[in-house]
Amino acid sequence: MFLSVFDMFKVGIGPSSSHTMGPMVAAARFLDMMRASPFHFAGLRASLHGSLAFTGVGHATDRATILGLAGFTPRDYDHERAEAVLKQIAETHMIEVEGLPPLRFDPKADMVFDYDTKLAGHANGMLLMARDAQGDVVLRETFYSVGGGFVMTEAELAAGKDTDEGAPVPYPFKSAAEMLEMAKASGKSIAAMKRANEISRGGEVNLREGSRKLWQVMNDCIDRGLTTDGILPGGLSVKRRAKGIYDALLAERGQNQRAPHTINDWMSVYAMAVNEENAAGGQVVTAPTNGAAGVMPATLRYYLDHVPGASESHIEDFLLTAAAIGGLVKFNASISGAEAGCQAEVGSAAAMSAAGLCAVMGGTPEQIENAAEIALEHHLGMTCDPVRGLVQVPCIERNGLGAIKAVSAASLALRGDGTHLVPLDACIETMRQTGADMSEKYKETSLGGLAVNVPNC
Ligand code: SF4
C-alpha cells in the first residue's frame, strides 16, 4: 500500500474536499471520458445523491460540479474567472470547454439535487450524463467522492481501486504494527521509511520542493485568516474571529499575568484562521480533508513559533510522518465525514498531527504510534452535523480543539516509552466500526445533532 504525501495533502479550494473538490475532479474525469468517446455530444446533466445532495448547497457542490464541467480544476482554480464563467452559463445555458463541442446545460434544470435516491457505493454519490443532439443520454458515469478529494467510479470502487498499482516501495506497511516492525528491522524512523517510499516513486527533488510548497500554502492560509475579518458566506452570519483573537494575543504578549492556558488560544487561532479561509472558499491544503484542514497547519505553526529549538528543517519529517499515519487511517478505515462522521476527519487530522509533532520533537516510532492513537482515541464517536450544511459550525472551532488535542497527545506520548494498552490499529478499526454503526443523521447530512438543534437554523 502506497499513498503519496502529495495524494494525502493537496492544494485545493474550500469549503470541502469531498463536497467541493471531489465533484470538481469527477467532472474533469467525465470530460476526459467524453473526449475519448466516439459519440457527438450536445448537452450535460448532473445529479447529486446522499450527503452530496443533503449538504450540497452549503458546501457549494453544485457550483463546483458546474465549474468542473466547464473545465476548472481545484489546483488551478481562479475565483474571478470562475464567477464570470458561472454567470455566462446561467445566461446562455451553454458550456464551452476545450476539446468538445458547445454543450447545453441549464443550471436550474440540469443540476439536480436528488434527496431520495442514495447511490449504493458511498454516501457521496453523483451521476454525470452526456446527451446527444436529440437529448438522449449516450454516456453516463457514477462517481463517488470518498473523502479528501479522492474520487472513484462505480467500477473502481467495486474493484477496490484505491489500492496502489505502481512499482513496489521499500517499506510497504499497511498497518501500524507492520510500520513498527519495519522501523525496528531497518533502524529507520517512520519519516525516513516514508521518505524512501516517496523517493522511489517521485524522486528527492520532487519531495523536497513539493513539501516546501505544501507548507508555504498552509502557512499563507494561516496568515490570510489571521488578517482578514468580516462575515463568512452561506447565510448563517458567522463572524470571522481569528483576526480579533490574534490581535488580542499579540497585544497581550510579554505580559506577566497571562494565564498559561493562553497557549491553547494560539493553537486554536491558527486552526480557526485556516478554517475561516476554507469556509470562505479560499485556497487551502486538504489535510486530510478541507473540513479538517486547520488541525495540521496549526500544530506545525505552533511547533515552529512556540517550541524552543524548533526548526523549519523538520517540516518535511512532520509531513511525512503525518502522511504515513493518514495513509493507515484511509486504507483501514476512512477519512470521510459522510462515511464515518467527524471522528474520521478531525479525528484523523489530530492523529496525523500528533504523530508529526511527536516525530519532530524526537519521538521514537513507538511514541509516535502512541501519540497518533491517543489523539484518535479521544475523537472516537464524534459526529458530523454541520449547521445548514456549511463547513463553519462546529467545524471551525473543532479544528482548534483538534490541534490542542494533537499537541497534548504528542506531549503525553513523549512522557512515556511508547508502551501502551490500545494499539493504533485497534483504534483505527474501532473508528471504522463506530462509523459503520453511526446513524446517517450524523454523517454529513445535516439531519441531526447541532444541525437541527441550533435555534433559527
Ligand atoms: S463536522 Fe467535522 S466532518 Fe463534518 S463537515 Fe465539519 S469538520 Fe467536516
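Bear in mind the structure is a predicted one, so any value in this text is a computation, not a measurement.

### So, the nonpolar core
Residues F9, L226, M296, L319 and I325 are the most contacted members of the largest nonpolar core, which totals 104 residues. Counting residues per element, this core draws most heavily on helix α16 (residues 346–360), at 11 residues. Mapped onto the domain boundaries, this core takes at least three residues apiece from domain 1 (17–158) and domain 2 (176–453). Aside from chain neighbours lying at most four places away, what touches L319 is V5, F9, S211, L214, M218, M296 and L300. Formed by 37 residues, the second largest nonpolar core is a distinct cluster that contains A27, L52, F105 and L128.

### Points about helix α9 (residues 190–202)
An α-helical turn contains 3.6 residues, so any two residues separated by three or four positions project in the same direction. The end-to-end C-alpha distance of α9 is 18 Å, a good match for the 18 Å that 13 residues give at a rise of 1.5 Å each. If you check which residues of α9 are buried, you get I190, A191, M193, K194, N197 and E198. Down the axis of α9, the sector holding all buried residues measures 165°, keeping them to one side. Buried residues along α9 sit in contact with α1 (5–8), α8 (176–186), α10 (204–226), α14 (315–332) and α17 (365–377).

### Describing the environment of F143
The residue F143 is located in strand β7 (residues 137–147) in this model. Look at F143 and you get buried, because its relative accessible area is 0%. Along the sequence, F143 and T20 sit 123 residues apart, while their C-alpha atoms lie 13 Å from each other. Residues contacting F143, with those up to four places away along its chain left out, are A26, R29, F30, M33, N124, G125, M126, L128, V151, M152 and T153.

### What about the site of the ligand?
Around the ligand, the neighbouring residues are G291, C342, E345, C384, C395 and R398. Among the residues making up the shell around the ligand, the classes are represented as three nonpolar, one polar and two charged.

### A word on the packing of aromatic side chains
What the rule picks out here adds up to six aromatic pairs. Plain terms: the ring middles of Y246 and W266 are 6.0 Å apart, the flat faces sit at 90° to each other, and that makes the pair edge-to-face. With Y246 in helix α11 (residues 242–252) and W266 in helix α12 (residues 262–279), this residue pair connects regions lying 20 residues apart in the sequence. On the accessibility criterion, W266 (3% relative accessible area) is buried. An aromatic cluster is built from F54, F113 and Y115, whose rings are joined through pairwise contacts. When the ring centre of F150 is taken as origin, the NZ or CZ atom of K10, which lies over that ring, is 3.9 Å away. For K330, the ring lying beneath its charged end belongs to F150, and the centroid distance is 4.4 Å.

### Observations regarding the domain arrangement of the chain
Structurally, the chain comprises domain 1 (17–158) and domain 2 (176–453). Contacts between domain 1 and domain 2 engage 17 residues on the former and 19 residues on the latter. Summing both partners gives a buried area of about 1400 Å² for domain 1 against domain 2, and 57% of it is carried by carbon and sulfur. By the criterion of area lost to domain 2, the three top residues of domain 1 are S17, F54 and H59, representing 27% of everything that side buries. One can count one salt bridge joining domain 1 with domain 2.

### Things to note about the side chain of T20
Relative to the assigned elements, T20 resides in helix α2 (residues 17–35). For T20, a relative accessible area of 3% translates into the label buried. Residues within four places of T20 in sequence aside, it is in contact with I13, G14, P15, H59, A60 and A64.

### Topic: the pairing of strand β8 (residues 150–153)
Across the two faces of β8 the burial is the same, with F150 and M152 and V151 and T153 all buried. The pairing of β7 with β8 spans four bridges and is antiparallel. Considered in β8, the bridge of S145 is made with V151. Taking the residues that link successive antiparallel strands as the turn, the β7-β8 hairpin has two residues, and the phi of G148 there is positive, at about 70°.

### Side note on the pairing of strand β2 (residues 43–50)
Burial runs high along β2: seven of the eight residues are buried. As defined by bridge partners, β2 adjoins strand β5 (residues 111–114) across four bridges and the pair is classed as parallel. In the strand pairing of β5, H49 is matched with D114.

### Notes on the pattern of salt bridges
Following the criterion strictly, the structure yields 18 salt bridges and no others. The shortest N-O distance in the salt bridge between R240 and E277 comes to 3.0 Å. Of this pair, R240 sits in the loop between α10 and α11 while E277 sits in helix α12; the two residues are 37 residues apart in sequence, bridging distant segments of the chain. Neither R240 nor E277 differs from the other in exposure class; each is buried. In this structure, the salt-bridge partner of E429 is R432, at a minimum N-O distance of 2.8 Å.

Conventions we followed
- Residues numbered from 1 in each chain as written.
- Predicted model: local features only at pLDDT ≥ 70, side-chain atom pairs only at ≥ 80, totals over all residues.
- Heavy atoms only, no water.
- Core = buried A, V, L, I, M, F, W, Y, C linked by side-chain atoms within 4.5 Å.
- Buried < 20%, exposed > 50% of the residue type's maximum accessible area, 1.4 Å probe, protein only.
- Helix = DSSP H or I, 4+ residues; strand = E, 2+ residues; numbered from the N terminus.
- Domains from an automatic or database assignment.
- Contact = heavy atoms within 4.5 Å.
- Expected span 1.5 Å × (residues − 1).
- Arc of directions from axis to C-beta.
- Near = heavy atom within 4 Å.
- Nonpolar A, V, L, I, M, F, W, Y, C, P; charged D, E, K, R; others polar.
- Phe/Tyr/Trp six-rings, centres within 6.5 Å; stacked < 30°, edge-to-face > 60°.
- Lys NZ or Arg CZ within 6 Å of the ring centre and 35° of its normal.
- Buried area = accessible area lost by both parts, 1.4 Å probe.
- Salt bridge = Lys/Arg side-chain N within 4 Å of Asp/Glu carboxyl O.
- Pairing = 2+ DSSP bridges.

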